[in-house]
Amino acid sequence: MRPSAVRLLNILVPVKRTVDYAVKIRVNPDQKGVDLNVKHSMNPFDEIAVEEAVRLREKLKDEVKSIKVVTIGPPKAAETLRTALAMGADSAIHIEVPDSAPAPEPLGVAKALRAVIQREKEGVDLVIMGKQAIDDDAGQTGQMLAGLMDWAQATFASKLVVDPKKKEADVTREIDGGLEELKCRLPLVVTTDLRLNEPRYASLPNIMKAKKKPIQKLTPSELGVDLTPILETVKVAEPPKRVGGGKVENVDQLIAKLKEAGITPVKS
């Protein structure tokens, strides 16, 4: 009896175009959001996810069949996909929305990703994505996607070891008390933490090659999803400016200053 063929891994990496991490954020005059007419780049946590997928291929060789990246965004989001392709991904999916469209919420994104997975003829075995985006800091999409798909999930991963033959993954994740080790069955959703790896810079030859890699364009309606936000942003405001501190000569002056500020001792 011949042994059954080992299932080759198909990896999906969702990425997001966000305001560049080095840009100083400014609130819009209407106080409904932030100024988006600034430099954008790939969400840093998503860069880590792309890097980890590429490293898995380098480690597992031919056992990784494909690395596909997907994003939801305006036409300019294609630049983010090209960056991921230059890092080593094979192909991409662009769920295109108008420039004027509001940013989708985590649940809408998770439903769109579920629709993408369901359309993949060869299936998806592993989703690697950033634990959060630096614009909304929601940190919910990975968990919601795992719930919608009824898949295993491992969040805040700082180490990932995949065994395609056993269809298992060992994930070390960061928790408040230290590190937690999980053994998960594939298919699996993994969200990446900062210490998982350090993303590479795309070389010029790979940037040129990325221009020839395929990007499939889809719309939310083709996926049967509605990305209209459910929540309404009432107001966005900058934090109050910090007031300079002062020095005191002794404890008595310190106590006097605290009383002036309305801070009183609490009796035990």
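Everything here concerns the structure above.
Residues numbered from 1 in each chain as written. Predicted model: local features only at pLDDT ≥ 70, side-chain atom pairs only at ≥ 80, totals over all residues. Heavy atoms only, no water.

Colleague: Explain the packing of helix α3 (residues 106-119) against helix α4 (residues 141-149) residue by residue, including any values.
Modeller: Close contact between α3 and α4 brings their axes to 8 Å; oriented N to C, the two are set at 50 degrees. As the angle between them shows, α3 and α4 are arranged oblique. In the crossing of α3 with α4, the sense of the turn from one axis to the other is right-handed. In contact with P106, L107, V109, A110, K111, L113, R114 and I117 of α3, α4 contributes T141, M144, L145, L148 and M149. (Axes fitted to C-alpha atoms, helices over the stretch in contact; angles between N-to-C directions. Helix = DSSP H or I, 4+ residues; strand = E, 2+ residues; numbered from the N terminus. Parallel < 35°, antiparallel > 145°, perpendicular 65-115°, else oblique. Left-handed = near helix turned anticlockwise from the far one by under 90°. Contact = heavy atoms within 4.5 Å.)

Colleague: Run through helix α2 (residues 78-87), naming residues and quoting values.
Modeller: For α2, the complete set of buried residues consists of T80, L81, A84, L85, A86 and M87. Immediately beyond the C-terminal end of α2, within one or two residues, lies G88, with a positive phi of roughly 140 degrees. (Buried < 20%, exposed > 50% of the residue type's maximum accessible area, 1.4 Å probe, protein only.)

Colleague: Requested: an account of the environment of T228, with residues and values cited.
Modeller: With respect to the helices and strands, T228 occurs in the loop between α6 (220-223) and α7 (251-260). Judged by relative accessible area, T228 falls into the exposed class, the value being 53%. Considering only alpha carbons, one finds T228 and P104, 124 residues apart in sequence, at a separation of 6.6 Å. Separated by 2.7 Å, the side chains of T228 and D226 make a polar contact. (Polar contact = N/O pair within 3.5 Å; in protein donor to acceptor, adjacent residues only side chain to side chain.)

Structural measurements only, silent on function.
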